[in-house]
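These are the residues of each chain, in order.
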Amino acid sequence: MTQSRFDKGLTRRGVLKGATALGAAGLILPASYRQARAEPQQGGDFRIGLGHGNSTDSYDPGLWDNLYAQVFAASRHNQLIEVAADGQLTGEIAESWESSDGKTWVFRIRQGVTFHSGKDVTVEDVIASLNHHRGEDSTSAVKQFFDPVEDIRADGQNVIITLDAPNGDFPYLMSDYHLAIMPGTDGKIDPTSTDGCGPYIVESYEPGVQATLNRNPNYWKSDRGHFDRVEILAILDSAARLNALMTGQVDLIDQIDPATIGMLEARGVANILSIPGNAHYVFPMDSRAAPFDDNNVRLALKYAIDRQQMVDTILGGHGAVSNDNPIGPANRYFYADMEPKTFDPDRARHYLRQAGMESLSVDLHVADAAFSGAVDAGALFAETAAQAGININLVREPNDGYWDNVWMQKPFVASYWGGRAVEDHMFSMGYASGAAWNDSYWEHERFNELLVKARSEFDEDLRREMYQEMQRIVSFEGSVIIPMNNNYVMATATNVATPEQISANWNLDGFRCVERWWFA
Amino acid sequence: MNAVLVMIAQRLALGVLTLFVVSVVIFGATELLPGDLASALLGQTATPETLAALRTQLGLNDPAPVRYWAWLTGVMQGDFGTSLATRRPIADMLSARLGNTIFLALYAAAIAVPLSLILGVLAALWRNSLFDRVANAGALSAISFPEFFVAYILIFLLAQSGFFPSMVRISPAMGLGDKLYVTFLPALTLTLVVTAHMMRMTRAAIINLLASPYIEMARLKGVSPLRIVLRHALPNALAPIINVIAINLAYLITGVVVVEVVFVYPGLGQLMVDSVAKRDIAVVQAIALIFASAYVLLNLTADVLSTLTNPRLMRRK
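On to the nonpolar core. Ranked by size, the top nonpolar core spans 105 residues in total, and within it Leu80, Met174 and Phe381 of chain A carry the most contacts. Here the element with the most residues in this core is helix 12 (residues 374–386) of chain A; it accounts for 7 residues. What Met174 of chain A contacts, discounting residues up to four positions off in sequence, is Gln79, Leu80, Ile81, Phe107, Leu130, Phe146, Ile161 and Leu179 of chain A. Judged by nonpolar contacts, the second largest core, of 54 residues, contains Leu104, Val113, Ala124 and Phe263 of chain B.

All names here are of chain A. Taken in spatial order, the 7 strands line up as 10-11-12-1-13-21-14 in an open sheet, and their pairing is mixed. One side of each edge strand has no neighbouring strand; the edge strands of this open sheet are strand 10 (200–206) and strand 14 (270–275). Each neighbouring strand pair of the sheet contributes to a mean axis angle of 20 degrees, computed without reference to strand direction. Inspection of the sheet shows strand 1 (residues 45–50) paired to strand 13 (residues 252–254) by 2 bridges, in the parallel sense. Residue pairing for strand 13: Ile48 is matched across the bridge by Leu252. On the sheet, helix 8 (residues 258–267) packs against strand 14 and strand 21 (488–493) and is oriented at approximately 140 degrees with respect to strand 14.

The subject of this paragraph is the packing of aromatic side chains. This structure, assessed with the given rule, holds 29 aromatic pairs over all chains. Ring geometry for Phe381 of chain A versus Phe412 of chain A: centroids 6.3 Å apart, planes at 80 degrees, classification edge-to-face. Of this pair, Phe381 of chain A sits in helix 12 while Phe412 of chain A sits in the loop between helix 13 (402–405) and strand 19 (415–417), and the two are 31 residues apart along the sequence. When sorted by exposure, Phe381 of chain A lands in the same class as Phe412 of chain A, which is buried. Members of the aromatic cluster, connected to one another through ring pairs, are Tyr281, Phe283, Phe292, Phe371, Phe381 and Phe412 of chain A. For the cation-ring pair, Arg288 of chain A lies above Tyr441 of chain A, with the distance from its terminal atom to the ring centre recorded as 3.7 Å. Here the guanidinium or amino end of Lys179 of chain B rests over the ring plane of Phe103 of chain B, the centre of that ring lying 5.4 Å away.

What follows concerns the pattern of salt bridges. Residue and element names in this part refer to chain A. Scanning all chains against the criterion turns up 30 salt bridges over all chains. Taking the shortest distance from any N to any O, the salt bridge between Asp251 and Arg47 comes out at 2.9 Å. Here Asp251, found in the loop between helix 7 (238–246) and strand 13, pairs with Arg47, found in strand 1; they are 204 residues apart in sequence, far enough to count as distant. Exposure remark for Asp251: the relative accessible area of 5% places this residue in the buried category. Residues joined by salt bridges that share partners form a network here, namely Glu82, Glu92, Lys221, Arg224, Asp509, Arg512, Glu515 and Arg516.

Our next topic: the sheet that holds strand 7 (residues 158–163) of chain A. Two modes of strand pairing occur in sheets, parallel and antiparallel, and in both the strands are linked by backbone hydrogen bonds. Residues and elements named next belong to chain A. Read across the open sheet, the 4 strands follow the order 4-5-7-6; overall the sheet is antiparallel. Each having just a single partner strand, strand 4 (94–98) and strand 6 (149–155) make up the two edges of the open sheet. Neighbouring strand axes in the sheet, compared pairwise and without regard to direction, differ in orientation by 20 degrees on average. Pairing analysis gives 6 bridges linking strand 6 to strand 7, with the strands arranged antiparallel. Bridge pairing in strand 7 places Asp151 opposite Thr162. Running at roughly 165 degrees to strand 6, helix 5 (residues 123–131) makes contact with strand 5 (104–109), strand 6 and strand 7 of the sheet.

Right, let's get into the side chain of Glu423 of chain A. Residue and element names in this part refer to chain A. Checked against the element boundaries, Glu423 lands in helix 14 (residues 423–430). Separated by 2.7 Å, the side chain of Glu423 and the backbone nitrogen of Tyr333 make a polar contact. Apart from residues lying up to four places away in sequence, Glu423 is in contact with Ile327, Asn331, Arg332, Tyr333, Phe334 and Tyr467.

With that settled, the discussion passes to the pairing of strand 11 (residues 210–215) of chain A. Note on strand geometry: in a regular strand, side chains alternate between the two faces of the sheet. Residues and elements named next belong to chain A. In the sheet, strand 10 pairs with strand 11 via 6 bridges, with the strands oriented antiparallel. Bridge pairing in strand 11 places Ile201 opposite Asn214. Between strand 10 and the antiparallel strand that follows it, strand 11, lie 3 residues; Gly208 among them carries a positive phi value of about 80 degrees. Bridge count for strand 11 against strand 12 (residues 229–234) is 5 bridges, and the pairing is antiparallel. Among the inter-strand pairings, Ala211 is bridged to a residue of strand 12, identified as Ile232.

Attention shifts here to unusual backbone geometry. For the peptide bond that leads from Ala290 of chain A to Pro291 of chain A, omega is 0 degrees, which places it in the cis range. Within the fold, Pro291 of chain A resides in the loop between strand 15 (280–284) and helix 9 (295–303). Of note in the backbone geometry, Asn128 of chain B takes a positive phi value of approximately 65 degrees without being a glycine. Its location among the elements puts Asn128 of chain B in the loop between helix 5 (90–125) and helix 6 (130–144). A relative accessible area of 54% means that Asn128 of chain B is categorised as exposed.

Residue and element names in this part refer to chain A. In the contact formed by helix 10 (residues 307–314) and helix 12, the axes pass within 11 Å of each other and the chain directions differ by 150 degrees. By the criterion of interaxial angle, the relationship of helix 10 to helix 12 is roughly antiparallel. Crossing geometry of helix 10 relative to helix 12 is assigned as right-handed. For the pair helix 10 and helix 12, the contacting residues are Gln309, Met310, Thr313 and Ile314 in the first and Asp376, Ala377, Leu380, Phe381 and Thr384 in the second. Looking at the contact of helix 10 with helix 12 residue by residue, the class counts come to 5 nonpolar, 3 polar and 1 charged.

What follows deals with the interface of chain B and chain A. Taken together, the contacts link 42 residues of chain B with 47 residues of chain A. Of the roughly 3,500 Å² buried at the junction of chain B and chain A (both faces included), carbon and sulfur atoms supply 53%. Along the contact surface separating chain B from chain A lie 2 salt bridges. With its nearest N and O atoms 3.6 Å apart, the salt bridge here joins Glu206 of chain A to Arg97 of chain B.

Let us now look at the domain arrangement of chain B. Residues and elements named next belong to chain B. For chain B, the domain assignment lists domain 1 (12–76) and domain 2 (95–314). Spacing between the C-alpha centres of domain 1 and domain 2 amounts to 34 Å. Domain 1 puts 21 residues into the contact, and the matching count from domain 2 is 16 residues. A combined buried area of about 1,500 Å² lies between domain 1 and domain 2, and 78% of that area is made up of carbon and sulfur atoms.

With that settled, consider the confidence of the model for chain B. Chain-level pLDDT for chain B is 84 on average; 96% of the residues reach the 70-or-more range. Under the prediction, the complex receives an ipTM of 0.74, its pTM being 0.80.

Definitions and limits used
- Residues numbered from 1 in each chain as written.
- Chains lettered and ligands numbered in written order.
- Predicted model: local features only at pLDDT ≥ 70, side-chain atom pairs only at ≥ 80, totals over all residues.
- Heavy atoms only, no water.
- Core = buried A, V, L, I, M, F, W, Y, C linked by side-chain atoms within 4.5 Å.
- Buried < 20%, exposed > 50% of the residue type's maximum accessible area, 1.4 Å probe, protein only.
- Helix = DSSP H or I, 4+ residues; strand = E, 2+ residues; numbered from the N terminus.
- Contact = heavy atoms within 4.5 Å.
- Pairing = 2+ DSSP bridges.
- Axes fitted to C-alpha atoms, helices over the stretch in contact; angles between N-to-C directions.
- Phe/Tyr/Trp six-rings, centres within 6.5 Å; stacked < 30°, edge-to-face > 60°.
- Lys NZ or Arg CZ within 6 Å of the ring centre and 35° of its normal.
- Salt bridge = Lys/Arg side-chain N within 4 Å of Asp/Glu carboxyl O.
- Polar contact = N/O pair within 3.5 Å; in protein donor to acceptor, adjacent residues only side chain to side chain.
- Parallel < 35°, antiparallel > 145°, perpendicular 65-115°, else oblique.
- Left-handed = near helix turned anticlockwise from the far one by under 90°.
- Nonpolar A, V, L, I, M, F, W, Y, C, P; charged D, E, K, R; others polar.
- Buried area = accessible area lost by both parts, 1.4 Å probe.
- Domains from an automatic or database assignment.
- pLDDT = per-residue confidence, 0-100.

Here it is in structure tokens:
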């Protein structure tokens, strides 16, 4: 179905299959759950309770920023390209794509797909949808994806995107959840419309409360969208969410407090899904500010954190130790054999002495807005660092305004990343020199050079080598402490069935639980 | 009677002034909060370019007084404007939630007011008896626990066993019976929270009067204790009781955000919290006005009613 000359040249698919099989082996599923799996059945009213969603949530695709908006979007929209559960790219509104030089990308638009309003999805709609995120006036959160885009134009049934430099991973960016294909008029989409070409049609929506959708009878994917009806509810209180699942008022909840997982399992009323992915929790340090401008200080801090203990206590075991590596086990070029950093107070002291210090005192600014358990993680960090002669003074910040006044403002803070399917995407956003979300203000000449070179490197082995060197640089010379990868933990009613493999790319099966799951 | 009408007119005029002051204070306070709507909307994904574009689009670059004046002139013409965050008309956003909030407040009041009056009268009648002590201790314990704790206890007892839903899903299309059923737990929680205040005030006001000479007189002429309380004491104790009821009703409308969160009830409180977090000033202002109006009108009603129940106040001059 999907043809990509560029991809074939790299034999990327073979590599992907190998990598994702590893990821699938890590799925933690109860034994009874596997037996319950059968062919998808149609029907039922699927009710989802999410710990996100505010009455201020915007309709504008450029401003979608939480899980509620993401799942609601996946229920009613399609993108050009979908990341399948195994991590491969599959065509969605783009039937196929190709590029001979990595610079000019040709996306062939699928014919015969209609919006909920009945209008056909045209090349013009696609261009209008993409242009919403591009240009001076755009307020989109993914505006920077389109910075290297020189031109987007129509050519028959094709959309041709020209970049200013080769990028072999460009199609991955088109799978971003912000880039929903919506109907356009005069080259513009109406950002307040809920019309899309996805599996469900919006019946009612009240931001921060609920959305009700009905099955789209004309959905072009015949093997997806199994529920008759989908209800997405915002249940911000974690106890209320648990209660709703236990009393049968919803069929799926997200964000389960690790402390309650055991109790929920004991009740036998729900299945826990714990999906390892690329998501990770981080402590960025401002590499421009003393004392973090000295890599020895950064290394001292990296050896003064007990990663395993963090995974055990903060994540309740639902996660994995990370070696200060933003590239996760679900990525293609993940450097699994990199020398691990264990908790080693002597080594931390050694690096402190290298930096010409006997002891160190730093402020760590945290709030649970950064990630659930951030304050506890900070306290744990302070505890272990003290054994290495490092005094971490924990400064509790308010959740309100955290991303404004603390993150990227104070020199040492807590934050999180959702992780990305592609190495280049992750590095370009968070680690490239001058990148908007380079929250450690880190600059590394060799890293930046490799990052640009790898984009247009067509030899698979060389590419792997480059990405592994980059991971090494970030891990040992970077300015972000990444102690752990957090699993996506969710719970479903016992009659909810899922495919064998659940996507490690984003939460809730890549937001696609609504179209991939069914009632057994 | 004229005196009452004059008082109502004066109070309403003062009320409008109060609302104006409230709107200025709320606007100023929201301005003082760090960050603005653009940075709150973009959150972690904000970049300087997108922030600038969004600020221009939302008109956040105008000075604060200009934005306040634009808002005020709109409200004068009955136009609350559109939410800056969702671009939906604020009137639409508020109407359903205001309805929900008032419904829950009335439901809770319909249980709590008669309950606390009856308990208060009985406690006064049988003061220092076992009944009095049990009623007092029960009401005080209920008010002493935080609301969310009371709510969780009720969910544990009544929702996990399947009697009532733990989560309220309410829609305008539901029948009254269904609505009363699904909102029973939040209403009961609120009842437990507000009963103590009203009951104790009723009891205290009546007991206070029972020491008066005219009650002594009534007792000497052989009137039954119940009749003394209901016929002689209660009418004179109404003024303070009405005032306490009014304050609790206002609380039921404005202060129940915690209960809303626990029961996932789509009321005004949650909307207010979300809007403050996102610095969506237009919505914050609209809700603040509603809350302030609730206080002004309920206090006015309480004053009018206490005047009407007191012939001495009716005939002054």
